[in-house]
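Chain by chain, the residues:
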Amino acid sequence: MLGAKRAVRPFRKPRLAALEQGQAGPRRRFGLRSGDVLINRSGEALGKVAYFASDEPAVFSDFTMRFRFNDKMNPRFAWHFFRSVMFQAQIERELRGSSVPNIFPPEVERMLIVACDPARQNSIARVIDEELARLDAMRTRIEAKRQEIDRLIDDAVRGADVR
């Protein structure tokens, strides 16, 4: 029936709701929890490692791998080890691809990590965390001194008294 008019139904605004935690598959599959360790597995940042230390809801991309450890592995210790020359050399050895280098989960799962007891891991992680905190404090003081030097130079250029 050409030319027949179809009945026009009134537009109803659809009822929408935000996805809730655990409702969507990707959130479960790609969700992060405090203590997770992430490794970038592709591109320019390949091999970069991060420690997730937040309780905020978050997800990671499929270009990263998430490690969630049991009670036999301190995640801070693993994070520090993954950043070490020993582990990064293993990443370099497993690179695949030329224009966009990649590593794949089965290759990372075969990589070696130092197997020491949890008490030793805790001790090592604590010492490294303390040293890194001292380093950050030094960097903060250095940056403050640089800013002070810049102000003195600016004042000198403008002819202000710099004494």
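These numbers come from a predicted model, not from an experiment. (Residues numbered from 1 in each chain as written. Predicted model: local features only at pLDDT ≥ 70, side-chain atom pairs only at ≥ 80, totals over all residues. Heavy atoms only, no water.)

Describe the overall build of the protein chain, with residues and values.
If you tally the helices and strands in the protein chain, you get five helices and three strands. Listed by position from the N terminus, the elements making up the protein chain come as α-β-β-β-α-α-α-α. In the protein chain, the share of contacts with a sequence separation of at least 24, taken over all contacts with a separation of at least 6, comes to 64%. When the accessible surface of the protein chain is summed, it comes to about 13,000 Å², and 55% of that surface belongs to carbon and sulfur atoms. (Helix = DSSP H or I, 4+ residues; strand = E, 2+ residues; numbered from the N terminus. Contact = heavy atoms within 4.5 Å. Areas by Shrake-Rupley, 256 points an atom, 1.4 Å probe, with all protein chains shown as cover.)

So what's going on with the nonpolar core? Which residues, and what values?
Core analysis: the biggest nonpolar cluster contains 14 residues, and I39, F67, F82, F87, I91 and V108 have the highest contact counts within it. Mapped by element, the contributors of at least two residues to this core are β1 (37–40), β3 (64–67), α2 (75–82) and α3 (85–94). Per-element tally for this core: the top contributor is α2, with three residues. Those residues within four positions of I91 in sequence are excluded, and the remaining contacts are I39, L46, G47, I103 and M111. (Core = buried A, V, L, I, M, F, W, Y, C linked by side-chain atoms within 4.5 Å. Buried < 20%, exposed > 50% of the residue type's maximum accessible area, 1.4 Å probe, protein only.)

Which residues make up the packing of aromatic side chains, and what values do they have?
Counted by the stated rule, this structure contains seven aromatic pairs. On the numbers, 5.4 Å between centres and 75° between planes, the contact of F30 with F60 is edge-to-face. Of this pair, F30 sits in helix α1 (residues 25–30) while F60 sits in the loop between β2 (49–51) and β3, placing them 30 residues apart in sequence. Each residue in the set F67, F69, F81, F82 and F87 is aromatic and connected to the rest through ring pairs, giving one cluster. Directly above the aromatic system of Y51 lies the positively charged group of R76, at a separation of 4.5 Å from the ring centroid. (Phe/Tyr/Trp six-rings, centres within 6.5 Å; stacked < 30°, edge-to-face > 60°. Lys NZ or Arg CZ within 6 Å of the ring centre and 35° of its normal.)

These values are about where atoms sit, not about what they do.
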